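# Per-entry structural report
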Amino acid sequence: MTMVYGVRHHGPGSARSVRTALTEQQPDVVLIEGPPEADALVALAGSADMRPPVALLGYVPGEPRTAAFWPFAVFSPEWQAISYALRAGVPVRFCDLPAAHQLALTDDARPRSRIDPVGELAGAAGYDDPERWWEDVVEHVPGPAVFGALAEAIGILREDAEPDPLDAVREAHMRKVLRTTVKDGYQRIAVICGAWHVPALQLRPTAAADDRLLRGLPRKKVTLTWVPWTYGRLSYASGYGAGIRSPGWYDHLFSAAGQPIERWLAKAAAVLRDEGIPASSAHVIEAVRLAEALAALRGRPLAGLEEVTEAARAVLCEGSDLLTVLIGRKLVVGERLGSVPADTPMVPLQRDLNDQQRRLRLRPEAAPHDHDLDLRKPNDLARSHLLHRLTLLGVRWGAPREAQSANIGTFRESWQLTWRPELDLALIEASMWGSTVAAAAAERARSLAAAATALDELTALAERCLLAELGDALPAVLTAVRDRAALDTDVTHLMAALPALVRAARYGDVRGTDPARLGEVAVEMITRICAGLPGAVASLDESAERTVRDRIDAVHSATGLLADSASRERWLATLERLVLAGRCPPVISGRLTRLLLDAGRITAGDAGTRMSRELSAAAAAPAAAGWAEGFLAGSGLLLVHDDKLLGLADGWLAGLSEDGFAAVLPALRRTFGGFAPPERRAIGEKASRLDGSGRAPAVVADPGDDLDEERAAAAVRAVAAILGWSAAWPQAVIPGRTAAAGQVVLR
């Protein structure tokens, strides 16, 4: 006797019904919708180390991007069928079209979007939410009786549906496997498949007709294995075609030993308490009552996800949508990551990564997890090397982030790690470069160096090699940097490439590597930049001016970072010559003046003189605005602490005509918008006391402040003596009350 059980691929009600039906039928063999190449992997599902969610991964060796996944959760009917068969000691076979054919089919032959049977049946029953209908009709109806009714309803839907060629081929192969199983002498056969396929398996056309459909199908050599999966990848939001809205909720419904609503809301309260939000048992009791009342009002047999979510929002979250989203992410979808046994077939690169994860105590997790690494500690340094190597291979398990520790420095890194199922596929793809993470990353770096066409790409690659401790690959990368730098005549390319190289040279010793060779290349590049910079800053348009200004800033910082005084001196001397020549565009000229001032090569008085000349009435407003933008960009502290420069800027702005001010306003907004808010506030407070004359006004004492002139004169005389000023000076200043205003003027 053959029984065909039509299921929803990830439905807890279907899973319970399948488990009950198999216990009653006690089949001799179980056939499951899935790739037949995985038959040899079924035994691994019985391992204590195999914890769903997991997935069968099928891929084409040498073409890892040609791949497919078949996910399983603990509440998947197929997983429960596998578990039953392994416990009962009966054979399990997969009966779907082989992955060798499925992965060889072109996009034209792949399935078109067809009707959603659950959605159609829900609509026919008057439901606007297919998930809600499924819960009411299937999840809350115990026992195998639902299979017959579901098969009948699907049969009616298929009568009006447009035939799908791929479905026809898949179902022909399912029938072929079923016939073979019968010929093998099995009497009690159980078939677990999607409910959509049940009518086709009950139809049973001739074997010849099915053979004609299967004849001539393309095929590729494929490899299958088990990989960990996540509940996030089972959800609709991930784009999974057979996805469900609420994997975490379904897991709870399947696994709860009774009182599912009470247990669910207790979990929700625990999630909130973990985030520091008070949620007591009284809250849980009231939320349960509200969920049950909502279900009764809506005529539902039991409270569903909609009711418990509304109850949690109203009672536990006190109306907060943000807290409701938190519960949804942690419970409704869930952040569970499955695991597979150590003896699961893997490419050597995967096995090497697993060994390093255990050795370095970096456990893969589906939820984002932050790690602050202290590179002075051997284990943290090894973790950093591993994460940088994986990033170089395109396996983006970790993403760098700003360090959260208060004790930050060059010896610290901060990463956020999130494991996703597709990273296993990325590892398989990266295995072409080597059998270990270190060897594969080194070979990948050599390949990138050989293919790189831009100098900044090569210097960035050199920095990445240093971060990943790829000493074997670094010589090839540095050779490529030297060769490319020797041929590159564009100074802006050298300027863009230098900062990464200097960072690698400067901080290499923090990681225990020798940066000397990197420093030599950096010195050579600085020499060429200094020689070519005068030509690079000539004849620039407005956009190019700002690009070159940013690169000059980067090179200036790099020369300060590099421990080579000769290179720093050469760079500053080049900037001085450019300023004195007076041939730079306004933005560049202003920036060079600011850099020389910050480096102590010119005095504040010199800078004020140049600023008064560049911002004089004879200067064109756009050119003056460009000079001011270049001079002030990045930090407004100069205007906060230097009243003369602030007065010059104020006098220039006050002297502009209305049209001139409108012309320079965008540049001013760019400049002042880049200042920190406290800097802008301090500049505004000082500017409120300016009068547009180009100088700061005198500080006046309020006539009502009861100034004691004799005591003030004594203080002034003491200060004058300390400073070596004339003893007559205080008498000339302090008694300076005016007859009209009655004010004391202190210059």
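Presented here is a report on the structure given in the accompanying data block. Per-chain numbering applies: the sequence of each chain, read as written, is numbered from 1 onward. In keeping with the predicted nature of the model, local features appear solely for residues at pLDDT of at least 70, side-chain atom pairs appear and are counted solely at 80 or more, and the whole-chain, interface and lining totals rest on all residues. Side-chain calculation: all heavy atoms of the structure are included, whereas hydrogens and water are not.

In this section: the nonpolar core. To qualify as a nonpolar core, a set must consist of buried Ala, Val, Leu, Ile, Met, Phe, Trp, Tyr and Cys residues joined through side-chain atoms within 4.5 Å. Relative accessibility thresholds used throughout: buried, under 20% of the residue-type maximum; exposed, over 50%; partly exposed, between the two (1.4 Å probe, protein chains only). By size, the foremost hydrophobic cluster in this structure holds 197 residues, and its most contacted members are Trp226, Leu265 and Ile552. Residue contacts are counted whenever heavy atoms from the two residues lie within 4.5 Å of one another. Residue contacts for Ile552: discarding those within four places in its chain leaves Met495, Leu533, Val537, Trp571, Ile588, Leu592 and Leu595. Among the nonpolar cores identified, the runner-up in size contains 13 residues, and Ala151, Met174, Leu178 and Leu201 belong to it.

Further remarks concern the pairing of strand 6 (residues 189-194). What counts as a helix is a DSSP run of H or I of at least four residues, what counts as a strand is a run of E of at least two, and both are numbered from the N terminus. The buried fraction of strand 6 amounts to 6 of the 6 residues, a majority that puts the element mostly inside the structure. Any two strands with at least two DSSP bridges between them are considered paired. Two strands pair when backbone bridges link them, and strand 1 (residues 2-7) and strand 6 are joined in this way by 6 bridges, in the parallel orientation. When the bridges of strand 6 are listed, Gly6 appears paired with Cys193. Pairing of strand 2 (residues 29-32) with strand 6, which is carried by 4 bridges, proceeds in the parallel orientation. Looking across to strand 6, one finds that Val29 is bridged to Ile189.

Counting buried positions over the 9 residues of helix 17 (residues 422-430) gives 7, a clear majority of the element. For helix 17, the secondary structure elements touched by its buried residues are strand 3 (54-60), strand 4 (63-72), strand 7 (223-228), helix 15 (348-360), helix 16 (378-392) and helix 18 (437-451).

Bringing the sheet that holds strand 4 into the picture now. The antiparallel open sheet is built from 3 strands, whose spatial order is 4-3-7. Each edge of the open sheet carries a strand with a single partner, namely strand 4 and strand 7. In this sheet, neighbouring strand axes are inclined to one another by 30 degrees on average, regardless of whether the strands run parallel or antiparallel. Two strands pair when backbone bridges link them, and strand 3 and strand 4 are joined in this way by 7 bridges, in the antiparallel orientation. Looking across to strand 4, one finds that Val54 is bridged to Phe72. The strands touched by helix 17 within the sheet are strand 3, strand 4 and strand 7, with strand 4 carrying the most contacts at an inclination of about 150 degrees. Here an angle of 0 to 180 degrees is reported between the N-to-C directions of two axes, which are lines fitted to C-alpha atoms, with helices fitted over the stretch in contact.

Strand order in the open sheet formed by 4 strands is 1-6-2-5, and the pairing between neighbours is parallel. Only two strands of the sheet have a single neighbouring strand rather than two, namely strand 1 and strand 5 (92-94). Going across the sheet, the axis of each strand differs from the next one's by a mean of 20 degrees, ignoring polarity. On the sheet, helix 2 (residues 77-88) packs against strand 1, strand 2, strand 5 and strand 6 and is oriented at approximately 155 degrees with respect to strand 2.

Time to look at the packing of aromatic side chains. Pairing of aromatic side chains requires ring centres within 6.5 Å, counting the rings of Phe and Tyr and the six-membered ring of Trp. Pairs whose planes differ by under 30 degrees are stacked, by over 60 edge-to-face, and all others tilted. This structure, assessed with the given rule, holds 10 aromatic pairs. On the basis of an interplanar angle of 85 degrees and a centroid distance of 6.1 Å, the ring pair of Trp79 and Trp226 is categorised as edge-to-face. With a gap of 147 residues between them, Trp79 in helix 2 and Trp226 in strand 7 connect regions that are remote in the sequence. Assessed through its relative accessible area of 5%, Trp79 is described here as buried. By relative accessible area, which is 2% here, Trp226 ends up buried. Summarising the aromatic geometry, the rings of Trp249 and Trp264 are spaced 4.9 Å apart at their centres and angled 85 degrees between planes, so their arrangement reads as edge-to-face.

Take the environment of Gly13 next. Considering the arrangement of structural elements, one finds Gly13 in helix 1 (residues 12-25). Note: C-alpha distance between Gly13 and Val137 (124 residues apart in sequence) is 9.5 Å.

This part covers the pattern of salt bridges. Only one rule defines a salt bridge in this text: a Lys or Arg side-chain nitrogen within 4 Å of an Asp or Glu carboxyl oxygen. Scanning the model with the defined rule gives 36 salt bridges in all. The closest approach of N and O atoms between Arg601 and Glu576, which form a salt bridge, is 3.2 Å. One end of the pair, Arg601, is in the loop between helix 25 (586-598) and helix 26 (604-614); the other, Glu576, is in helix 24 (residues 565-581), with 25 residues separating them in the sequence. What makes Arg601 partly exposed here is its relative accessible area of 26%. Salt-bridge contacts for Asp598 lead to Arg594; the nearest nitrogen and oxygen are separated by 3.2 Å. Note that Asp598 and Arg594 are positioned in helix 25 at a spacing of 4 residues, about one turn of the helix.

With that settled, consider the layout of surface pockets. Points on a 1 Å grid over protein atoms alone make up a cavity when a 1.4 Å probe fits among them but cannot get out, and a pocket when they form an open set with protein on both sides within 12 Å along at least five of seven lines; lining residues each have an atom within 4 Å of a point. Grid points are joined across faces, edges and corners, and a volume is the space filled by probe spheres set on the points. In this model, the second largest pocket occupies a volume close to 770 Å³. Around the second largest pocket, the lining is made up of 30 residues, and of these Gly338, Ser339, Val340, Gln357 and Pro364 lie nearest the centre. Breaking the lining of the second largest pocket down by element, the ones donating at least two residues are strand 7, helix 15 and helix 17. Of all the elements, helix 15 adds the most residues to the lining of the second largest pocket, at 7 residues. Residue classes follow a fixed rule: Ala, Val, Leu, Ile, Met, Phe, Trp, Tyr, Cys and Pro count as nonpolar, while Asp, Glu, Lys and Arg count as charged, and any other residue, Gly among them, counts as polar. Across the lining of the second largest pocket, the residue classes break down as 15 nonpolar, 6 polar and 9 charged.

The contact between helix 18 and helix 19 (residues 455-467) brings their axes to 10 Å, and the two run at 170 degrees. For the element pair helix 18 / helix 19, the angle class is roughly antiparallel. Counted together, Ala445, Leu448 and Ala449 of helix 18 and Leu458, Leu461 and Cys465 of helix 19 form the full contact between these two elements. Per-class residue counts for the contact of helix 18 with helix 19 are 6 nonpolar, no polar and no charged. Every angle not falling under 35 degrees, over 145, or within 65 to 115 is termed oblique; those three ranges are roughly parallel, roughly antiparallel and roughly perpendicular.

Once that is clear, we can look at the packing of helix 19 against helix 20 (residues 474-487). Running from amino to carboxyl end, helix 19 crosses helix 20 at an angle of 160 degrees, the nearest separation of the two axes being 9 Å. When the axis of helix 19 is compared with that of helix 20, the two are roughly antiparallel. Between helix 19 and helix 20 lies a crossing whose hand is left-handed. Here helix 19 contributes Leu455, Leu458, Thr459, Leu461, Ala462 and Cys465 to the contact with helix 20, which in turn contributes Leu474, Val477, Ala480, Val481, Arg484 and Ala485. Here the residues of the contact of helix 19 with helix 20 are counted per class, giving 10 nonpolar, 1 polar and 1 charged. Left-handed describes a crossing whose near helix is turned anticlockwise from the far helix by less than a right angle; the clockwise case is right-handed.

Attention now goes to helix 32 (residues 709-723). Its 15 residues give helix 32 an end-to-end C-alpha distance of 21 Å, which sits within 8% of 21 Å, the value for a rise of 1.5 Å per residue. Within the sequence span of helix 32, burial applies to Ala712, Ala713, Val716 and Ala720. In an axial view of helix 32, the angular spread of the buried residues amounts to 100 degrees, which keeps them on one side of the axis. What points out from helix 32, more than 90 degrees from its buried face, is the exposed set Glu710, Arg711, Ala721 and Ile722. Between the first and last residue of a helix there are one fewer steps than residues, each counted as 1.5 Å, and that sum is the expected span. The arc in question is the one spanned by the directions pointing from the helix axis to the C-beta atoms.

Inspection of the secondary structure assignment puts Glu307 in helix 13 (residues 305-316). Judged by relative accessible area, which is 0%, Glu307 ranks as buried.

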